[in-house]
Amino acid sequence: MSYIKVNQDKINDEIAKKLIDICPFNAFEYTDAYLSINASCKICKICVKKGPEGACEFIESQKVQIDKSKYKGIAVYVEIHNQEAHHVSWELIGKAKELKEKTNEKVIALVIGDQVSHIAEEALTYGVDEVYLYDHPRFKEFNVEIYTNIFEEFYKKYQNNVILYGSTPRGRSFAPRVAARLKTGLTADCTMLDITSEGELLQIRPAFGGNIMAKINTPNHRPQMATIRYKMFNAPKKVTPYGVIHHEKTDAIVKDTTIHLLEIMHKPKVSDLSDAEVIIAVGRAFKKQKDLELIEPLRKRLNAEIGCTRPLIENGWFDARKQIGLSGRTVKPKLIINLGISGAVQYIEGMKEAELIITVNSDINNKLFDISHYSIVGDIYQVLPELNLLIDSIMEEKS
Ligand SMILES: Cc1cc2nc3c(=O)[nH]c(=O)nc-3n(C[C@H](O)[C@H](O)[C@H](O)COP(=O)(O)OP(=O)(O)OC[C@H]3O[C@@H](n4cnc5c(N)ncnc54)[C@H](O)[C@@H]3O)c2cc1C
């Protein structure tokens, strides 16, 4: 890894002060006549270019050359909870199958658990070429140390080109540990994936607060790893299984762990906005919390879930789980009705895949109108009472 080196022999109180003053990230710390760089350093190199000559140096890491032809297969980690696969795993298999069209690699499912051969069978019904099954009583509950050991074994043995994980709480904790163990990169929370015919994975995700879409690749390391949000892709259609299940040896993997499970406390099941089929999404156009009562008749009629934009979470009107967008939930309902929402990119990224989008906004230039199937220019307070009738005619027209 490239880094900034401080040449301590060139540092005195005055030079240290100059460097501290020019660093935009407050990354220097000066204690007992020793100048160190902390984790805030972004390697912007201002200290090298504009600081006192020779005080700081940019050390570039040597590029690793790997034989990429040795790495084959697009693997998906199948996440299991209570003996059921999380749906994001099948969505990732759907994407892996699309990528395979370009590289002609095998699509591989990695199934870990206790008595989970039914999940391995289910993976085959989604058209997976190979399933690697690690089945052992010690794998029943997720233990990040043991599961990371499994991945290390798996990767050493099969040398995959790509490994994909869901951006679930588990995937977000697990994938970075695997990346560190395998000394490779990881792109978190991708919203799109593509691959070149040579097998270079393009990991696409919003960056800088959603203002740009960054295309990230991993040119010098394998495996190429990414976590992907739930509801970004479609699960593939079921097929007559043609793949193979490999029962992997587990004894060598079940080593001692420093993590000891004391108790499992089940959280009460709450409805997840990501699973909703109909959503009424509300924005800052609502002037008072009480005004939200105006949507009740429509919500009841459509049996809809309510979602909202971030400002409504920030002012305490809704639980954070109701936020749609980049820093909230990704949703893909059959119908979403946007009421008084500006359509900031951070919001749109979380709902643009909805099947039918209806938007009400008083601003004719509202950005959501660009992606909406039906756009209503008007004041929500006037349009809402009419919306029941409008929805009826829209639904009639659609069917
Ligand atoms: C890193 C980062 C992450 C973020 N993540 C998210 C996220 O996940 N989700 C999210 O939602 N935001 C997110 N945001 C915030 C986002 O940028 C916007 O600020 C936010 O979405 C705006 O919310 P809004 O559309 O409700 O409010 P506003 O921007 O205030 O828009 C209100 C809209 O209502 C319309 N309007 C006003 N009165 C009426 C009326 N009477 N009738 C009809 N229309 C009316 C206006 O024309 C306007 O379009 C994020 C921001 C950052 C920096």
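Just so you know, these numbers come straight off a predicted model, no measurement behind them.

Conventions and cut-offs
- In this numbering scheme, every chain counts its residues from 1 along its sequence in written order.
- Predicted model: local features are reported for residues with pLDDT of at least 70 only, side-chain atom pairs are reported and counted for 80 or more only, and whole-chain, interface and lining totals are derived from all residues.
- When DSSP finds at least two bridges between two strands, those strands are taken to pair.
- Labels follow the DSSP assignment, with helices taken as runs of H or I lasting at least four residues and strands as runs of E lasting at least two, numbered in each case from the N terminus.
- Interaxial angle, 0 to 180 degrees, is taken between N-to-C directions of lines fitted to C-alpha atoms, where a helix line uses only the stretch in contact.
- In a helix, the anticipated span is given by 1.5 Å times the number of residues less one.
- To sort residues by exposure, count the other C-beta atoms lying within 10 Å of each residue's C-beta; 20 or more gives buried, 12 or fewer gives exposed, and values between give partly exposed, all with C-beta atoms placed from the backbone.
- Think of the arc as the fan of directions from the helix axis to the C-beta atoms.
- Contact between two residues is assigned whenever their backbone-derived C-beta positions fall within 7 Å.
- Note: domain ranges come from an automatic or database domain assignment.
- Joining buried Ala, Val, Leu, Ile, Met, Phe, Trp, Tyr and Cys residues through C-beta atoms within 7 Å gives a set, and that set is a nonpolar core.
- Defining nearness, a residue is near a molecule or strand when the C-beta atom obtained from its backbone falls within 6 Å of it.
- Here the nonpolar group is Ala, Val, Leu, Ile, Met, Phe, Trp, Tyr, Cys and Pro; Asp, Glu, Lys and Arg are the charged ones; every other residue, Gly included, is treated as polar.
- Working definition: roughly parallel below 35 degrees, roughly antiparallel above 145 degrees, roughly perpendicular at 65 to 115 degrees, and oblique for all remaining angles.
- Should the near helix be turned anticlockwise from the far one by less than a right angle, the crossing is termed left-handed; should it be turned clockwise, right-handed.

To continue, consider the sheet that holds strand β18 (residues 305–308). An order of β18-β17-β19-β20-β21 is seen for the 5 strands of this open sheet, with the pairing classed as parallel. Of all strands in the sheet, those bounded by a partner on one side alone are β18 and β21 (374–377). Averaged over all neighbouring strand pairs, the angle between strand axes comes to 15 degrees, with direction disregarded. Bridging between strand β17 (residues 278–282) and β18 involves 4 bridges; their strand directions are parallel.

Attention now moves to helix α6 (residues 169–182). With 14 residues, α6 ought to run about 20 Å at 1.5 Å a step, and its terminal C-alpha atoms sit 21 Å apart, in line with that. The complete set of buried residues in α6 reads Gly 171, Phe 174, Ala 175, Val 178 and Ala 179. Projected onto a plane normal to the axis of α6, the buried residues spread over an arc of 135 degrees and lie on a single side. Across α6 from its buried face, at more than 90 degrees, point the exposed residues Pro 169, Ser 173 and Ala 180. Against α5 (144–158), β10 (162–166), β11 (186–190) and β15 (224–228) lie the buried residues of α6. Looking one or two residues beyond α6, the residue adopting positive phi is Lys 183, at roughly 55 degrees.

Our next topic: the environment of Asn 143. Tracing the backbone through its elements, the reader meets Asn 143 in the loop between β9 (130–135) and α5. Looking at Asn 143, the number of C-beta atoms within 10 Å reads 17, which means it is partly exposed. Placed 116 residues apart in sequence, Asn 143 and Ile 259 show a C-alpha to C-alpha distance of 7.2 Å. Every residue in contact with Asn 143, bar those within four places of it in the chain, is listed here: Thr 257 and Ile 259.

This part is about the domain arrangement of the protein chain. Here the domain parsing of the protein chain yields domain 1 (3–59), domain 2 (68–247) and domain 3 (273–398). Relative to domain 2, the C-alpha centre of domain 1 lies at a distance of 40 Å.

Here we come to the sheet that holds strand β12 (residues 192–195). Reading across the sheet, the 3 strands line up as β12-β13-β14 and stay open at both edges, with antiparallel pairing between neighbours. Pairing within the sheet leaves two strands with one partner each, and these edge strands are β12 and β14 (212–216). When strand polarity is set aside, the average angle formed by the axes of neighbouring strands in this sheet is 25 degrees. Note: β12 against strand β13 (residues 201–207), 4 bridges, orientation antiparallel. Following the sheet pairing, Leu 193 is matched in β13 by Gln 203.

For the rest of this paragraph, the subject is the nonpolar core. Residues Val 76, Val 78, Ala 109, Leu 110, Val 111 and Ala 123 are the most contacted members of the largest nonpolar core, which totals 57 residues. What Val 111 contacts, discounting residues up to four positions off in sequence, is Val 78, Val 116, Ile 119, Ala 120, Ala 123, Val 131 and Leu 133. Counting 27 residues, the second-largest nonpolar core is a separate cluster that includes Ala 276, Leu 312, Ile 376 and Ile 380.

Taking 1.5 Å per residue as the helical rise, helix α3 (residues 87–103) with its 17 residues ought to reach 24 Å, and the 25 Å between its terminal C-alpha atoms agrees with that figure. Restricting attention to buried positions, one finds in α3 the residues Val 88, Ser 89, Trp 90, Glu 91, Leu 92, Ile 93, Lys 95, Ala 96 and Leu 99. As for α3, its buried residues are in contact with β5 (74–78), β7 (84–85), β8 (107–113), β10, β12 and β15. Positioned one or two residues after α3, Asn 104 has a phi angle of 60 degrees, which is positive.

So, about the site of the ligand. Every one of the 28 residues lining the ligand counts as a neighbour, but Gly 283, Ala 285, Thr 309, Gly 325 and Ser 342 are closest to it. Elements represented by at least two residues in the shell around the ligand include exactly α8 (310–314), α9 (345–348), β20 (356–361) and α10 (380–398). The residue inventory of the shell around the ligand, partitioned by class, reads 10 nonpolar, 14 polar and 4 charged.

Once that is clear, we can look at the pairing of strand β2 (residues 28–31). Where β2 and strand β3 (residues 34–37) come together, 4 bridges link them in antiparallel fashion. The partner of Phe 28 across the bridge, within β3, is Ile 37. Following β2, the chain reverses through 2 residues before pairing antiparallel with β3; Asp 32 in that reversal takes a positive phi of roughly 50 degrees.

Looking now at the packing of α5 against α6. For the pair α5 and α6, interaxial distance at closest approach is 9 Å and the crossing angle is 50 degrees. Considering the angle they form, α5 stands oblique to α6. Judged by the twist between their axes, the crossing of α5 over α6 is right-handed. In this structure, α5 contributes Val 144, Tyr 147, Thr 148, Phe 151, Glu 152 and Tyr 155 to the contact, and α6 contributes Ser 173, Phe 174, Arg 177, Val 178, Arg 181 and Leu 182. Broken down by class, the residue content of the contact of α5 with α6 amounts to 7 nonpolar, 2 polar and 3 charged.

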